[in-house]
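One-letter residues, chain by chain:
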Amino acid sequence: MKKNDIIELKIDDIGVDGSGIGKVDGMTFFVKDAVIGDRVSAKVMKLKKNYGYARFMELLEASPFRVEPKCPLYRKCGGCQIQALSYEKQLEYKENKIRNNLMRIGGFVEDGIPMEPIIGMKDAYHYRNKAQFPVGRDKEGNIISGFYAARTHSMIPVGNCYLGVPQNQEVMERVLGWMNQYQIEPYDETNGLGLIRHVLIRYGFRTGQLMVCLVINGKSLPKSEPLIDSLLRIKGMASITISINRQRNNVIMGNVVKTLWGADYIEDFIGDVKFCISPLSFYQINPVQTEVLYQKVLEYAELNGDEVVWDLYCGIGTISLFLARHARKVYGVEIVPQAVEDARQNARINGIENAVFFVGKAEEVLEKTCGVGAAVGKNEEDGDGGVREKAVQEDFTVEKEREGERWAEEEKMMWPQVVVVDPPRKGCQERLLESIVRVKPEKVVYVSCDSATLARDLKYLRGNGYEMKRGVGIDQFCQTVHVETVVLLTHEKATSYIEVTMDYDTIVSEYKPKVKVTYKMIMDYIKEKYNLNVHSTTIAEIKRSLGLKVGDYNKKDDANYRKEKITPEKRKAVEETLRYFEIIQ
Ligand code: SAH
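About the cut-offs
- Residues numbered from 1 in each chain as written.
- Predicted model: local features only at pLDDT ≥ 70, side-chain atom pairs only at ≥ 80, totals over all residues.
- Heavy atoms only, no water.
- Near = heavy atom within 4 Å.
- Polar contact = N/O pair within 3.5 Å; in protein donor to acceptor, adjacent residues only side chain to side chain.
- Areas by Shrake-Rupley, 256 points an atom, 1.4 Å probe, with all protein chains shown as cover.
- Helix = DSSP H or I, 4+ residues; strand = E, 2+ residues; numbered from the N terminus.
- Nonpolar A, V, L, I, M, F, W, Y, C, P; charged D, E, K, R; others polar.
- Buried < 20%, exposed > 50% of the residue type's maximum accessible area, 1.4 Å probe, protein only.
- Contact = heavy atoms within 4.5 Å.
- Phe/Tyr/Trp six-rings, centres within 6.5 Å; stacked < 30°, edge-to-face > 60°.
- Lys NZ or Arg CZ within 6 Å of the ring centre and 35° of its normal.
- Pairing = 2+ DSSP bridges.
- Axes fitted to C-alpha atoms, helices over the stretch in contact; angles between N-to-C directions.

**Student:** Before we go on, may I ask you to explain the site of the ligand in this structure?
**Tutor:** The local shell around the ligand holds 17 residues, among which Gln-284, Tyr-294, Glu-334, Ala-362 and Asp-422 are the closest. Here an oxygen atom of the ligand sits 2.7 Å away from a polar atom, N or O, in the side chain of Glu-334. Bound to the protein, the ligand loses 89% of the 580 Å² it would expose on its own. Listed by contribution, the elements that provide at least two residues to the shell around the ligand are α6 (318-324) and α8 (362-369). Among the residues forming the shell around the ligand, the class breakdown is nine nonpolar, four polar and four charged.

What follows is the structure, encoded as structure tokens:
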């Protein structure tokens, strides 16, 4: 077999990016846009030792699971990888993916996986509460909104995205109508001229409140009154803002937001917890399934109101606050300071007083608080050989002798009976799993967005005294290959309290300042958010090009130096991440 050969194959699986997978002569082929059950002819584009990539040519026999995709642009856009597969089959595929990973990576046997049936959505479209439409001109010069085709910078006009709410279309028609009427220029990224870059729309599913934010390449918006008048005809309009982004880059939002009309934010609920969502805040994008997921966490945690719960990787504290009314105390840990500020604010507006949030690394905060120090000095990034830890412990001993009773109380107060983890795709650090095993909470509830790393982590926990009791897949991102999983693990000989070696005040004061952002954090974030591997030298190059100070670094001396092509995609990811960590404005 060689390149450009035409092959025929039956598709029997789906790859991580949604491609169809089939076999020919023992070789595995990935065929984009082919669906499980299809027989297709395809042209070999790339050949490796045991696998290859082939381009879909002809549908020889359509799969019984094939459906007409709702969206005419689905192949060009690339956002919905499996829209041509019936929703029932999508769910079956996702459930099998979780089970297969648990067997292949997690060491489970086929009938030993206590999974409940996957939970899908009644309406597998229109679930997104957030949309961001770029604005530009098409080849004929008409002002259009749309999406950039996958991995390109050419704009495909889109009047409507089926994953979004129907209101998006009306908002966009009104904004484009206003631009045409008043000759407001769309931004042109090739020359940096023009005003309107993006339109961000957010919708509160429970409150019906609608937010429109125009991202502009200027200081203010001319002719804003007729725009406001027009947008106010849409039911639920609650907040109209502009976000100023005058940088010539691909970052969508600017940091400065000004309110033109209404509130600075919209409100929405998950369960009975209220959230204020501003144009820049992080918020779950499928609120309906998010609530289903959190209900499962609550059900698995089986709280009776007297527990201490740790919510690790807590983001803006959504799970923490959802659980707080059912627990004695909840401690949330999150690495991004802005998210923790939001979490504290959300606690305040809901009058929740038993939730405390720390900025820090999950793998460090739990370990230090509960004094289990599994890997003190072992973490290369710390590099202080555990000296800091030792000093803290010495301080602590003196304190402890002085105030024995108060300490005993503090210790008990922070020791968790339930630990919830909701890590990014790369899963939990082993160091965190070690600490959990030492802290030995009765229950661990693991929320995962990648069942492969979940399976890896379950293998560790099962090898160290925990048992998987229940699990369920939840479809939060219908039409895409992603699936969330919630798993309950219990420990037979759990301790509700062992010795604690640090006090609450120390932790709070130690973790309050901003974290030092390391290259590793930047690389991990880029990997998680954009699924890109970026070398530290690339980050350094980009930082330098932005006029930031970069340590004295000589490429010739670095044996690990790899010359990497800085694609616009990588540059964009790095710049957005630097902004995210507040390294650039
Ligand atoms: N539980 C939240 C968010 C989960 S997303 C929710 O349901 O909305 C994962 C979060 O983990 C992100 O907010 C990310 O910033 C954070 N994170 C990544 N690495 C971390 C680490 N080592 N320690 C703590 N938080 C981390």
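**Student:** In this structure, what is going on with the side chain of Thr-453? I would like to understand it.
**Tutor:** Here Thr-453 is to be found in helix α12 (residues 451-462). Residue Thr-453 is classed as buried on the basis of its relative accessible area of 12%. Once residues within four sequence positions are removed from consideration, Thr-453 is found in contact with Arg-425, Lys-426, Gly-427 and Tyr-446.

**Student:** Whenever I open this one, the packing of aromatic side chains confuses me. Can you help?
**Tutor:** Between two aromatic rings, the relevant description is the distance of the centres plus the angle of the planes. Evaluation of the coordinates by the stated rule reveals 10 aromatic pairs. When the centroid spacing of 6.0 Å and the interplanar angle of 45° are considered together, the rings of Trp-310 and Phe-358 count as tilted. Of the two residues, Trp-310 is situated in strand β16 (residues 308-312) and Phe-358 in strand β18 (residues 355-359); the sequence distance between them amounts to 48 residues. In this pair, the class of Trp-310 matches that of Phe-358, namely buried. Among the aromatic residues, those joined into a cluster by ring pairs are Phe-30, Tyr-51 and Tyr-53. Between the NZ or CZ atom of Lys-89 and the centre of the ring of Phe-65, over which it lies, the distance is 3.9 Å. Positioned over the ring face of Phe-108 is Arg-462, at 3.6 Å from the centre of the ring.

**Student:** Would you take a moment to explain the sheet that holds strand β5 (residues 51-61) for this structure?
**Tutor:** Two strands in a sheet stick together by hydrogen bonds in their backbones, pointing the same way (parallel) or opposite ways (antiparallel). Judged by pairing direction, the barrel is mixed, and its five strands sit side by side in the order β1-β2-β3-β5-β4 before closing back on the first. Within the sheet, the average angular offset between the axes of one strand and its neighbour, ignoring direction, is 50°. Pairing of strand β1 (residues 6-14) with strand β2 (residues 20-24), which is carried by three bridges, proceeds in the antiparallel orientation. For Ile-14, the partnering residue across the bridge sits in β2 and is Gly-20.

**Student:** Explanation requested: the sheet that holds strand β21 (residues 466-474) in the structure shown.
**Tutor:** If you walk across this open sheet you meet the eight strands as β6-β21-β22-β20-β19-β16-β17-β18, and the pairing is mixed. Of all the strands in the sheet, the pair left with one neighbour each is β6 (115-119) and β18. The sheet shows a mean angle of 15° between the axes of neighbouring strands, direction not considered. For β16 and strand β17 (residues 329-334), the ladder comprises five bridges, and the chain directions are parallel. Counted as the bridge partner of Asp-311 is Gly-332 from β17. Each of β6, β21 and β22 (484-491) is contacted by helix α2 (residues 87-104), which is oriented at about 145° to β6, the strand it contacts most. With respect to the sheet, α12 is in contact with β20 (443-448), β21 and β22, its orientation differing from that of β22 by roughly 5°.

The values are spatial; any link to function lies outside them.
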